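In case you want the letters, here they are:
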Amino acid sequence: MYADKVMSAAEAVARFVRPGAVLGMGGQNIGRVPMALTHEIIRQRIGGLTVVGCNLSIGMDQLVGAGLVRRCESGSGNLERFGTTFCWRRGIEDGTLEVEDYSHLAMVSRFLAGEMGVPFMPVRSLLGSDLLPPPDGGRPGKAVVTENPWSPAEPVVLVPALQPDVSIVHVQRADPLGNIIIEGFATHEPEMIRASRHVIVSCETLITTDEVRAHPERTTVPFLYVDAVVVQPCGAYPTSTYGFYDYDADEVSAYQEAARAGGPAVEAYLAANVWAHGTFDGYLMRAAGPPHLEALAEAMREIT
Amino acid sequence: MYADKVMSAAEAVARFVRPGAVLGMGGQNIGRVPMALTHEIIRQRIGGLTVVGCNLSIGMDQLVGAGLVRRCESGSGNLERFGTTFCWRRGIEDGTLEVEDYSHLAMVSRFLAGEMGVPFMPVRSLLGSDLLPPPDGGRPGKAVVTENPWSPAEPVVLVPALQPDVSIVHVQRADPLGNIIIEGFATHEPEMIRASRHVIVSCETLITTDEVRAHPERTTVPFLYVDAVVVQPCGAYPTSTYGFYDYDADEVSAYQEAARAGGPAVEAYLAANVWAHGTFDGYLMRAAGPPHLEALAEAMREIT
Amino acid sequence: MPSGDTPAVGAGASRQELMVIEAARRLRDGEVVFVGTGLPLLATTLAQRTHAPHIVMVIESGVIAPQVRPTPISVSDPKAMYRAVRLGTLREVLGGLLQRGLIDVGFLGGAQIDRYANINSTQIARPHGIRRLPGSGGANDMASHCRRLLIITHHERRRFPERCDYITSPGFLDGPGGRQRAGLNPDFSVAVVTDLAVMENDPETCALRVTALMPGVRVEEVLAETGFRPEVAPDLRAVAPPASDDLRVLRDELDPGRLYLKAEEAASSRRA
Amino acid sequence: MPSGDTPAVGAGASRQELMVIEAARRLRDGEVVFVGTGLPLLATTLAQRTHAPHIVMVIESGVIAPQVRPTPISVSDPKAMYRAVRLGTLREVLGGLLQRGLIDVGFLGGAQIDRYANINSTQIARPHGIRRLPGSGGANDMASHCRRLLIITHHERRRFPERCDYITSPGFLDGPGGRQRAGLNPDFSVAVVTDLAVMENDPETCALRVTALMPGVRVEEVLAETGFRPEVAPDLRAVAPPASDDLRVLRDELDPGRLYLKAEEAASSRRA
């Protein structure tokens, strides 16, 4: 428990991400997507994954583009102004990718159930919509409608707990034990992390445990949930990390162009940006480089 | 919503605590019990209350001693090394006080359901114990056993949502809008506050909204839940406020002695410490005084 | 500047600009608004900087009461988080505020909307298989829990089918009583603001009907661009031209790069 | 100093001191321990400062991995929170760690315990009505979700009835299979450390039996002070005398004011 959990992305992914795993994905849209850890999974070509999250964006789409994903469970797949997640869309439309659709509240409620160690969570969303399986049961495991025992005839939806085999998240600060501090918006991560069997965290800055103990109410998640700490500045690039750097619209667009074209274009993008490099730093140097990364950091300083 | 919610304890209690209300009680044991707001309820003699919380201690016991409480729902009633909550115990034993017993997890789960806007929350505690009503239903509203729809024959307990009419809490910092910052341990308060229809917060220090906006991830609960902000240094005395002052063992013991003796002794304690004063500051001067309060602050500085 | 192929309307505003301004007008000062990405973010910020300074914006990613800096392109864009009073979690916002019933208005961007204001953002049936869309996100949660739903989208026939292929987010479902039967809060209303018109649910039939027209737009034009045949309100009115201040704030402060408006104009100009 | 009316045992330790030391010995380095207030807090801190420096203490009020300062008297005492890595909420600890299954040992203080290790901290039946006790607190949650339960209490006949008047926290309920039938995790064991002996559940019968005696204590003395008649383990052993370091840390560092030990001695001296 009190082990030093600092290791390379290569080691962390090799140790904790198994083929066929249910993979919890941190971040949202263009914010704090764990790209360094995603690239490492692609580099090691760990396949048959079920990717789960609330909003799934560029990280998930690159895993799908690399042919490593069998199934997704989420509330949405898209990159907002940058368009949809094209590899994901193509996979669903041509039937090579299974999906299970929920609302964002339903997904975070599934993680909350996993966090709390209960088998399901009640929600009042989904009612009346096609997100709810037909009353005859529909696809098992998705959601069931029950009654409020204290007010019969009041329907309540139960969604099943979700405990990922391993989750990957990128955060601002962590200590060697795995105490993590998320600054700014935290999306679904606190619930997902606590629900997961294993957690790999990459961080912008490694801090000491003394610093953690100095402000214990600022610790977002304590070390008991975390297996590996990967120190990777700019580990969310080209998405943003609140307080550290803004997203890189050009690089996101470059990937989207390849993803929209599909097939060889995606292959070429991943070859040039992932497989060509032994580490994420190689990608950072190729796609951005220090001056550009500094400009993104300056852009963030301007708006925070 | 963006109103200035700063007001006196007298005004806040008069406006938001109604006779017969379900009153959510903040704090735990000898930590951050909202004593200033409790004294104000006693001063205004607002009765017929149902007091709810996880651990209920000296604040609840004084309300019971003042004859203002009809019923309690909690996971425990005690002051640990200072003994039990004697007025509460006496009321239960002589049948003048109704109680509904849960575990602490079951109570915080009830507040979580209230916070999330769902009618119940599943728990795996209570099973097999006498805290669970008999299968024939038992006391309606307490808890029911159901099955995990994804694994029939696996029993799950459902506990009903709890949304207090009004909750009282004492925190370290708040701004005039009602954004609150709890430092140190937070017990059941984040869930209880968000579950409540009205919330009265007393704080050690009033901060500006600019200070809140400067570190938005440190805001424990945003202003949308809060109705009144009462600025009351030492508002938890004689219990402790983490980072500000330690508990006062002598004053807690003085109350416990009266509570143990009961009847006239409690009446005398409340007369001398509550009804004799127009405000909580009067009590602070009588029971403690500046030098002693400073000593308690120094004791806290030593251990934080 | 409005693009050439969309006729300028009152005070030189394009229809797209007036659409944003009209949507902003429907937000009242002090309301708590759950804001989706895109035009809703733009319109709500406009309201906040003009007639509704005390509006409380809530954004799904965990953002409460920000003072949005121009021009965010995502709910996770730090520009949308500027000086928030709380940056928290998705659970706090979707559970503790939205499902808990503390949000006044849900404000959504473009999607497929049918006669009964049901919304599809999941998939469109096509001759050979489906076209997959992004999915619900928080939209199903908004439509399930908000008492008032505001939708901003540009007006195209394919966006307004008789019945959605897939109901991602519930409007009135199959009409009167539909929400009660499903266990949803029946206290619900919908307004759809487009570049051609405003459509609102008829309190009786629950169906969307045309209640206002953009300046210079004829009702036939609206019916031609609407897949279902909406009723037209007897008291059909014209959307008021923008106050000059609205237009200045929108153009100069909020979208100087025309990140949103250019795209919208391009989209609706396909019609021209 | 041990009080006069409780015979000193090995190395001059009182029985109460040795009870705390023996309980501490049962915590292994690196274990995650859910610690109740009172003697459990004292014994766990002793373990942390002696043989188990990497023990992770978790305290109900939201405290994770503190380095406890002598001598806290409450789970909400800041001395129990000193240099924690996280000060959070009751939900995080009771839900996210305990119910979630991430706690190795639950450590409870004195209560009424029956043959099958069921615990009563709610109410005692008396000739004229009941005696109300504090209630569950987190005890029911600990007993429901921990695989290993450690209880420290002093040994009095009234504390060990055949069957609890009220089951606040489940032990083995009515015996073999009881936990499964109730839907509780059957992977469960209990050890009760007292000032006279150690009792542990028999793996077969699930009943508490005497497995060790404090130095100088005869088995008859234990049986006389136990309300039910426990089996005696064939391999009955003697509790080892304290290492001098244990005693020094306990007396000089952890409870110099004898806040706990004096009270315990007073309690058990009633017997003498």
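Below: a short report on this structure. (Residues numbered from 1 in each chain as written. Chains lettered and ligands numbered in written order. Predicted model: local features only at pLDDT ≥ 70, side-chain atom pairs only at ≥ 80, totals over all residues. Heavy atoms only, no water.)

Focus on the overall build of chain A
- Across its full length, chain A carries 11 helices and 13 strands.
- Against the 2.2 N^0.38 benchmark of 19 Å for 304 residues, chain A shows a C-alpha radius of gyration of 19 Å, consistent with a compact globule.
- Counting only C-alpha atoms and orienting by the principal axes, one finds that chain A spans roughly 60 × 50 × 40 Å.
- Counting over 304 residues, chain A shows a buried share of 66%.
- Excluding contacts between residues fewer than 6 apart, the proportion of contacts in chain A whose partners are at least 24 apart in sequence is 75%. (Helix = DSSP H or I, 4+ residues; strand = E, 2+ residues; numbered from the N terminus. Rg over C-alpha atoms; globule rule 2.2 N^0.38 Å. Buried < 20%, exposed > 50% of the residue type's maximum accessible area, 1.4 Å probe, protein only. Contact = heavy atoms within 4.5 Å.)

Describing the pattern of salt bridges
- In total, this model carries 84 salt bridges over all chains according to the counting rule given.
- Note that arginine 248 of chain D is salt-bridged to aspartate 245 of chain D, the shortest N-O span being 2.7 Å. Of the two residues, arginine 248 of chain D and aspartate 245 of chain D both sit in helix α7 (residues 244-254), 3 residues apart, roughly one turn of that helix.
- When salt bridges that share partners are traced, they join Arg70, Arg71, Glu73, Glu98, Glu100 and Arg110 of chain A into one network. (Salt bridge = Lys/Arg side-chain N within 4 Å of Asp/Glu carboxyl O.)

Considering unusual backbone geometry
- Each neighbour pair has its own omega, and for tyrosine 237 of chain A with proline 238 of chain A the value is 10 degrees, a cis peptide bond.
- Here proline 238 of chain A lies in the loop between β13 (228-231) and α8 (249-261).
- Located in the positive-phi region is glutamate 80 of chain A, a residue other than glycine, with phi close to 50 degrees.
- Structurally, glutamate 80 of chain A is set in the loop between β5 (76-77) and α4 (86-93).
- Even without a glycine there, the phi angle at alanine 65 of chain C is positive, about 55 degrees.
- As for its placement among the helices and strands, alanine 65 of chain C is situated in the loop between β3 (63-64) and β4 (86-87).

Some details on the interface of chain A and chain C
- Each side of the interface is counted separately: chain A has 49 residues, and chain C has 48 residues.
- At the boundary of chain A with chain C, total buried surface from both sides reaches about 3900 Å², with 56% on carbon and sulfur atoms.
- On inspection of chain A and its partner chain C, the count reaches 5 salt bridges.
- Linking aspartate 246 of chain A and lysine 79 of chain C is a salt bridge whose minimum nitrogen-to-oxygen distance equals 3.9 Å. (Buried area = accessible area lost by both parts, 1.4 Å probe.)

Focus: the side chain of serine 144 of chain D
- Within the element layout of this structure, serine 144 of chain D appears in helix α4 (residues 139-145).
- One polar contact links the side chain of serine 144 of chain D to the main-chain carbonyl oxygen of asparagine 140 of chain D, over a distance of 2.6 Å.
- With residues up to four places along the chain from it excluded, the contact list for serine 144 of chain D reads Arg124, Ser125 and Leu126 of chain B together with Pro170, Arg179 and Leu184 of chain D. (Polar contact = N/O pair within 3.5 Å; in protein donor to acceptor, adjacent residues only side chain to side chain.)

A closer look at the interface of chain D and chain B
- The interface is formed by 48 residues belonging to chain D together with 49 residues belonging to chain B.
- At the boundary of chain D with chain B, total buried surface from both sides reaches about 3900 Å², with 56% on carbon and sulfur atoms.
- For the interface between chain D and chain B, the tally reads 5 salt bridges.
- Here arginine 132 of chain D ties to aspartate 101 of chain B by a salt bridge, and the two come within 2.5 Å at their closest N and O atoms.
- Taken together, the connections running from chain D to chain B amount to 29 residue pairs in polar contact (both at pLDDT 80 or more).
- Those elements giving two or more residues to the side of chain D that touches chain B turn out to be α3 (90-99), β9 (129-132) and α4 of chain D.
- The residue inventory of the side of chain D that touches chain B, partitioned by class, reads 20 nonpolar, 18 polar and 10 charged. (Nonpolar A, V, L, I, M, F, W, Y, C, P; charged D, E, K, R; others polar.)

Quick look at the nonpolar core
- Ile200 of chain A together with Ile200 of chain B are the most contacted members of the largest nonpolar core, which totals 389 residues.
- Not counting residues within four places of it along the chain, the set of residues in contact with isoleucine 200 of chain B comprises Ala12, Val13, Phe16, Val17, Leu37, Val166, Ser167, Ile168, Val169, Ala228 and Val230 of chain B.
- Among the nonpolar cores identified, the runner-up in size contains 6 residues, and Val156 and Leu158 of chain A together with Val156 and Leu158 of chain B belong to it. (Core = buried A, V, L, I, M, F, W, Y, C linked by side-chain atoms within 4.5 Å.)

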